[in-house]
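Survey of secondary and tertiary structure
What follows is each chain in one-letter form.
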Amino acid sequence: MAELISGKEVSAKVKAQIHEETLAVKEKGVTPGLAVVIVGNDPASRVYVNSKKKACAEVGFESYEYALPEETTQEELLGLVEKLNKDSKVNGILVQLPLPKQIDENAVINAINPEKDVDAFHPFNVGKIMIGDFAYLPCTPAGVMELIDSTGVEISGKSCVVIGRSNIVGKPMAMLLLHRSGTVTICHSKTKNLAEICRGADILVAAVGKAKFVTADMVKDGAVIIDVGMNRLENGKLCGDVDFENVEKKASYITPVPGGVGPMTIAMLMRNTLTAAKMQNEIE
Ligand code: NAP
């Protein structure tokens, strides 16, 4: 039976450390500030924004919420981003995705000053992640790395399989594993022999967006299983991409959903905001 990797516990430790560092930064007269922008009334986005504001309060940051109506134009949103880029109280800018269809997400991401891009979605920061010289962590993949490290399992030389190639999760996830010398395979919807490839994985990261997609027959005995998926079932319950009940019988370590990767993503966002505040105020 697999040992559970608790994102709640690991994220609490990370946030405690950030809180301590924040106290030191505040003594130098700087309070890290995160602007959280939400457009429209998507209930899932509202939950994420509330969690991010709550995390800011926990670690001692200021958060500034900008809730804009569904019919906001791209020009209006870009105007707000420009204002926040210039606001010295705001160290990090987070625009909650997805945005309403009249707004081009890339245009908004590109408008954020890369120094305030605490989601690390701007091409400048994405490029830095690619070459392995980055200040801002890609939040979800970096959270996954913390979870893997919490097990003590060595990544170097291991066969790592990532299912999913999105810009937000799959691709940067593969990069971080590669930087740690994992032998990385990225799978996607066109991958042939997916089950066979997954069975070769010592570390398997599922970021597909399909409930219970990874079944026990796709998992090697003793593998480390990281479930990034957050799928809402018809009964309203949250479910990962992994068939947890059956896979936990084969894995060595496994993350639950909820309480696995989710809390880590937010902790990493806090880490990036602190980094931003330090860099912008030239604090070591
Ligand atoms: P996404 O942009 O929809 O990407 C999904 C990926 O899965 C795509 O690359 C897609 O392949 C691949 N895929 C879909 N069906 C497949 C199949 N049958 N076989 C193999 N690969 C398949 O999603 P995302 O933004 O990366 O998010 C993935 C999941 O993680 C979602 O459930 C999301 O809610 C969750 N998530 C969680 C957190 C967190 O903090 N815990 C953060 C972000 C995302 P193609 O590229 O070929 O279409």
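Below you will find a few notes about this structure. (Residues numbered from 1 in each chain as written. Predicted model: local features only at pLDDT ≥ 70, side-chain atom pairs only at ≥ 80, totals over all residues. Heavy atoms only, no water.)

What follows covers the side chain of D117. Structurally, the position occupied by D117 is in the loop between α4 (105-111) and α5 (123-131). Of the side chains with opposite charge, K52 comes closest to the buried, unpaired D117, at an N-O distance of 11 Å. Setting aside chain neighbours within four positions, we find D117 in contact with I112, H122, N125 and Y136. (Helix = DSSP H or I, 4+ residues; strand = E, 2+ residues; numbered from the N terminus. Buried < 20%, exposed > 50% of the residue type's maximum accessible area, 1.4 Å probe, protein only. Lys, Arg positive; Asp, Glu negative; His and termini not counted. Salt bridge = Lys/Arg side-chain N within 4 Å of Asp/Glu carboxyl O. Contact = heavy atoms within 4.5 Å.)

All right, on to helix α1 (residues 7-27) then. The terminal C-alpha atoms of α1, which comprises 21 residues, lie 30 Å apart, in line with the 30 Å expected from a rise of 1.5 Å per residue. Regarding α1, the residues found buried are G7, V10, S11, V14, K15, I18, T22 and V25. For α1, the angular spread of the buried residues around the axis is 125°, confining them to a single face. Exposed side chains of α1 directed beyond 90 degrees from the buried face belong to E9, K13, E20 and E27. At the exit of α1 stands G29, carrying a positive phi of roughly 90°. (Expected span 1.5 Å × (residues − 1). Arc of directions from axis to C-beta.)

Bringing the nonpolar core into the picture now. Counting residues in each nonpolar core, the largest one holds 52 residues, and the members touching the most others are L34, V144, L177, V205, I226 and M270. If you tally residues by element for this core, the top one is helix α10 (residues 261-280), at 10 residues. Listed in part, the 18 residues of the second largest apolar core include L194, C198, L204 and M218. (Core = buried A, V, L, I, M, F, W, Y, C linked by side-chain atoms within 4.5 Å.)

Here we come to the environment of A195. Topologically, A195 is positioned in helix α8 (residues 194-199). For the pair A195 and T215, spaced 20 residues apart in sequence, the C-alpha to C-alpha distance is 8.9 Å.

This part takes up the site of the ligand. In the vicinity of the ligand there are 20 residues, among which R165, S166, S189, M230 and T265 approach most closely. The contact in question runs from a nitrogen atom of the ligand to an N or O atom on the side chain of K210, over 3.0 Å. M230 places a main-chain nitrogen or oxygen 3.0 Å from an oxygen atom of the ligand. Sorting elements by how many residues they give to the shell around the ligand places α10 first, with three residues. Its residues placed into classes, the shell around the ligand shows eight nonpolar, 10 polar and two charged. (Near = heavy atom within 4 Å. Polar contact = N/O pair within 3.5 Å; in protein donor to acceptor, adjacent residues only side chain to side chain. Nonpolar A, V, L, I, M, F, W, Y, C, P; charged D, E, K, R; others polar.)

Relative to the assigned elements, K15 resides in helix α1. Leave out the neighbours within four places in its chain, and K15 touches E58, V59 and A267.

A word on the environment of L238. Tracing the backbone through its elements, the reader meets L238 in strand β10 (residues 238-239). We classify L238 as partly exposed; its relative accessible area is 26%. Every residue in contact with L238, bar those within four places of it in the chain, is listed here: M230, N231, R232, V257 and P258.

Spatially, β3-β2-β4 is the arrangement adopted by the three strands of the open sheet, whose pairing is parallel. Both outer strands of the open sheet, β3 (62-68) and β4 (92-95), are each paired with one neighbouring strand and no more. Between one strand axis and the next, the sheet turns by 15° as a mean value, whatever way the strands run. Bridge count between strand β2 (residues 33-39) and β4: four bridges; the pairing is parallel. Across the sheet, residue V37 finds its bridge partner in β4, namely V95. (Pairing = 2+ DSSP bridges. Axes fitted to C-alpha atoms, helices over the stretch in contact; angles between N-to-C directions.)

On to the sheet that holds strand β7 (residues 203-206). Spatially, six strands are ordered β1-β11-β8-β7-β5-β6 in an open sheet, and the strand pairing comes out parallel. At either margin of the open sheet sits one strand with a lone partner, and together these are β1 (3-4) and β6 (183-187). As judged from the four bridges shared by β7 and strand β8 (residues 224-227), these two strands associate in the parallel manner. What sits directly across from A206, in β8, is D227.

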